[in-house]
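Architecture at a glance
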Amino acid sequence: MVTSPDVGRHPSWAGRNYTLLTAAAIITNLGGHGALIAAAFAVLDAGGDGGDVGLVAAARTLPLVLFLLIGGAVADRLPRHRVMVAANALNCVSQAAFAAVVLAGDPQLWQMMLLTALGGTGQAFFGPASEGMLLSSVSGEQASRAFALYRMAMQGAGLGGAALGGLLVAVVGPGWVLAVDAVAFALAGALRVFLDVGHIPDREPGGGLLADLRDGWREFTGRTWLWTIVAQFSVVVAVVGAAESVFGPLVAEDELGGAGPWGLALGAFGAGTVGGAFLMMRWKPRRLLFAGTLCVFPLAAPSAALAVPLPVAGLAAVMFVSGVAIEVFGVSWMTAMHQEIPEEKLSRVAAYDWFGSIAMVPLATALAGPAEQTFGRSASLWGCAALVIVVTAAVLCVPDVRNLRRRTRDVVATNAQAGPGAQASLGARAAAGAEAVPGAEAVPGAEAVPGAEAVPGAEVFEAGPLAKPPTG
């Protein structure tokens, strides 16, 4: 029997690093999403209330915000895979200790806050290193497909992890679920040890951590499309997060029949993210950020649906569309970062991106209660929807956002003939379809799908933060 030479081969873009990163992310998302449920029930089982659950969640967020920029600079200074493995080790130890105090009985609130804060610190260093490593692990015309598959694998693992974690919390208790998450971090860290960084040039000696941060800031602020979209998402993530974490459960309790319908709506959102990632494996919008930004408008829909409120079926449908849309934006955003940002600055730029996207979340969630008391729940939710629409419309007024295009072979060849470091003007970028960035990886052959310049009705939320990969 003659066997095709392609049988059993991985796609050209699914190299060793990409495969290891995807496998490790699946493992940690299976464990991590269950652990989020387990942590909340551990607090409640210890006699805490909703306020105590919020304190434990805040204990994770605070160090994430404080150390995120430092984590980005460190990840561009040291080998990224070592930063990732060290962060996984810290997360493994903190989750194992969390599991131990819960299984021992009578865990104290301060213990749970401290251990959760250690987990947030690990994520602050892991996130930028992981994003930089992923973006540097793929090249060529299939980069967007690789990012879409990666996100689809993570979102699917997150859905499965949440469902399995909820079941295990009910059957064996939260302590054992936290222990499983610690093992997941250990396994993922072991896989990441084998990442190959030989293709990444040695970092030039710099002027210190502060100099690296300043350099990253110049890279971030020097690209209008980059900082305007991050500014947009600082508002979008904050108001959507407040709507879904504060108002959503309240509407479900008072109007929809309780936690079950709300869980169904969140599950529909998760299913939408998987569907959106699958869509982006096949669709290559030519104007990356224009298509992605159009998909942010539907993020207003869940807040509007809760303001009405729609019946459970209608709310689930809206959440599903939102999930599809966030993945359209997420893959488009990762592809733009991949082709425009120099490899040696990826982690620092990613850190500024993460920081800007989550910085206003604590303020928005803190103000949700007073807003409801002052304006009413329905008016507050309509206000959330209006803010999403206003800031997204404002970003579409930015020429760089509308005109940044996916690179093609013709553009790469033109840039090569123009000489190293040739910079195109905005008008030339719009016409030729590329921005020549010194050091940025080209994406050869990423041909546009004819007519794929408008997003066919979809919307986006990174599932907090909106367009980032989940924890790892």
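Quick caveat: nothing in here was measured; it's all calculated off a predicted structure. (Residues numbered from 1 in each chain as written. Predicted model: local features only at pLDDT ≥ 70, side-chain atom pairs only at ≥ 80, totals over all residues. Heavy atoms only, no water.)

**Overview of the overall build of the protein**
From N to C terminus, the protein includes 18 helices and zero strands. Buried residues in the protein amount to 53% of all 472 residues. Considering only contacts within the protein whose residues lie at least 6 apart along the sequence, 90% involve residues at least 24 apart. Carbon and sulfur atoms form 68% of the exposed surface of the protein, whose accessible area is close to 18900 Å². (Helix = DSSP H or I, 4+ residues; strand = E, 2+ residues; numbered from the N terminus. Buried < 20%, exposed > 50% of the residue type's maximum accessible area, 1.4 Å probe, protein only. Contact = heavy atoms within 4.5 Å. Areas by Shrake-Rupley, 256 points an atom, 1.4 Å probe, with all protein chains shown as cover.)

**Examining the confidence of the model for the protein**
In the predicted model, the protein carries a mean pLDDT of 78, and the fraction of residues at 70 or more is 80%. Mean pLDDT in the protein bottoms out at helix α18 (residues 426-432), which sits at 29, and peaks at helix α15 (residues 377-395), which reaches 94. Counting interchain partners and residues more than four positions distant, the pLDDT-below-50 stretch residues 1-8 has zero contacts. Within the model, the stretch residues 410-471 combines pLDDT values under 50 with 168 contacts to residues more than four positions away or in other chains. (pLDDT = per-residue confidence, 0-100.)

**Some thoughts on the pattern of salt bridges**
In the structure shown here, the tally under the stated rule is 12 salt bridges. Taking the shortest distance from any N to any O, the salt bridge between Arg77 and Asp212 comes out at 2.7 Å. Of the two residues, Arg77 is situated in helix α2 (residues 50-77) and Asp212 in helix α7 (residues 209-221); the sequence distance between them amounts to 135 residues. You can call Arg77 partly exposed: its relative accessible area is 35%. (Salt bridge = Lys/Arg side-chain N within 4 Å of Asp/Glu carboxyl O.)

**Here's the deal with a nonpolar patch on the surface**
Together, Leu103, Leu164, Leu167, Val171, Val172 and Trp176 make up a nonpolar patch on the protein surface, roughly 600 Å² of accessible area in all. The dominant element in the nonpolar patch, judged by the number of residues it contributes, is helix α5 (residues 143-172), at four residues. Positionally, Leu167 belongs in helix α5. (Patch = residues over 30% accessible without salt bridge, like charges linked within 9 Å, V, L, I, M, F, W, Y side chains within 5 Å.)

**A short note on the packing of helix α11 (residues 300-307) against α15**
In the contact formed by α11 and α15, the axes pass within 8 Å of each other and the chain directions differ by 165°. One finds that α11 runs roughly antiparallel with respect to α15. Considering how the two elements wind past one another, α11 and α15 form a crossing that is left-handed. Along its contact with α11, which presents Ala300, Ser303, Ala304, Leu306 and Ala307, the element α15 presents Ser378, Leu381, Trp382, Cys384, Ala385, Val388 and Ile389. In terms of residue class, the contact of α11 with α15 is made up of 10 nonpolar, two polar and no charged. (Axes fitted to C-alpha atoms, helices over the stretch in contact; angles between N-to-C directions. Parallel < 35°, antiparallel > 145°, perpendicular 65-115°, else oblique. Left-handed = near helix turned anticlockwise from the far one by under 90°. Nonpolar A, V, L, I, M, F, W, Y, C, P; charged D, E, K, R; others polar.)

**Description of the side chain of Arg348**
Tracing the backbone shows Arg348 in helix α13 (residues 346-358). By relative accessible area, Arg348 is classed as buried at 6%. Engagement of the side chain of Arg348 in a polar contact is seen with the backbone oxygen of Asp212, the distance being 3.3 Å. A distance of 3.4 Å separates polar atoms of two side chains, one belonging to Arg348 and the other to Asp215. When near neighbours in sequence (up to four residues on either side) are disregarded, Arg348 contacts Gly72, Ala73, Asp76, Asp212, Asp215 and Gly216. (Polar contact = N/O pair within 3.5 Å; in protein donor to acceptor, adjacent residues only side chain to side chain.)

**Quick notes on the environment of Gln111**
Residue position: Gln111 is located in helix α4 (residues 109-136). Considering only alpha carbons, one finds Gln111 and Val101, 10 residues apart in sequence, at a separation of 8.1 Å. Of the polar contacts made by the side chain of Gln111, one reaches the backbone nitrogen of Gln108; its length is 2.9 Å.

**Digging into unusual backbone geometry**
Cis peptide bonds are those with omega within 30 degrees of zero, and the linkage from Val308 to Pro309 qualifies with -15°. Among the structural elements, Pro309 can be located in the loop between α11 and α12 (312-340). In this model, Asp106 sits at a positive phi of 60°, which is unusual for a non-glycine residue. As for its placement among the helices and strands, Asp106 is situated in the loop between α3 (80-104) and α4. When its relative accessible area of 62% is taken as the criterion, Asp106 is described as exposed.

**Examining the packing of α3 against helix α6 (residues 174-192)**
Remark: α3 packs on α6, axes separated minimally by 8 Å, with the N-to-C direction vectors making an angle of 165°. Taken together, the axes of α3 and α6 lie roughly antiparallel to each other. Taken as a pair, α3 and α6 cross one another with a handedness that is left-handed. Mapping the contact onto sequence places His81, Met84, Val85, Asn88, Asn91, Cys92, Gln95, Ala96, Phe98, Ala99, Val102 and Leu103 in α3 and Pro174, Gly175, Trp176, Leu178, Ala179, Asp181, Ala182, Phe185, Ala186, Ala188, Gly189 and Arg192 in α6.

**Overview of the side chain of Ser136**
The topology assignment puts Ser136 in helix α4. Given the relative accessible area of 5%, Ser136 is considered buried. Polar contacts involving the side chain of Ser136 include one to the main-chain carbonyl oxygen of Met133, which spans 3.1 Å.

**Considerations on the packing of aromatic side chains**
This structure, assessed with the given rule, holds seven aromatic pairs. When the ring of Phe233 is compared with that of Phe329, the centres are 4.5 Å apart and the planes differ by 20°; the resulting orientation is stacked. Linking Phe233 in helix α8 (residues 224-256) with Phe329 in helix α12, this pair joins segments that are 96 residues apart in sequence. Taking NZ or CZ as reference, Arg287 lies 4.5 Å from the ring centre of Phe290, over its face. (Phe/Tyr/Trp six-rings, centres within 6.5 Å; stacked < 30°, edge-to-face > 60°. Lys NZ or Arg CZ within 6 Å of the ring centre and 35° of its normal.)

**A short note on α8**
At Phe247, α8 shows its maximal kink, close to 40°; a proline, Pro249, follows between one and four residues later. Gly257, located one to two residues past α8, shows a positive phi value of around 110°. (Bend = angle between axes of the 7 residues up to and from the residue.)

**Brief notes about the nonpolar core**
The tendency in soluble globular proteins is for nonpolar side chains to be buried side by side. The biggest cluster of nonpolar side chains holds 87 residues, and the ones touching the most others in it are Trp225 and Trp333. With 17 residues, α8 is the single largest residue contributor to this core. Not counting the four nearest positions on each side in its chain, Trp333 is found in contact with Trp225, Leu226, Ile229, Val230, Leu289 and Asp353. In this structure, Ala38, Ala39, Ala99 and Leu115 belong to the second largest nonpolar core, which totals 15 residues. (Core = buried A, V, L, I, M, F, W, Y, C linked by side-chain atoms within 4.5 Å.)

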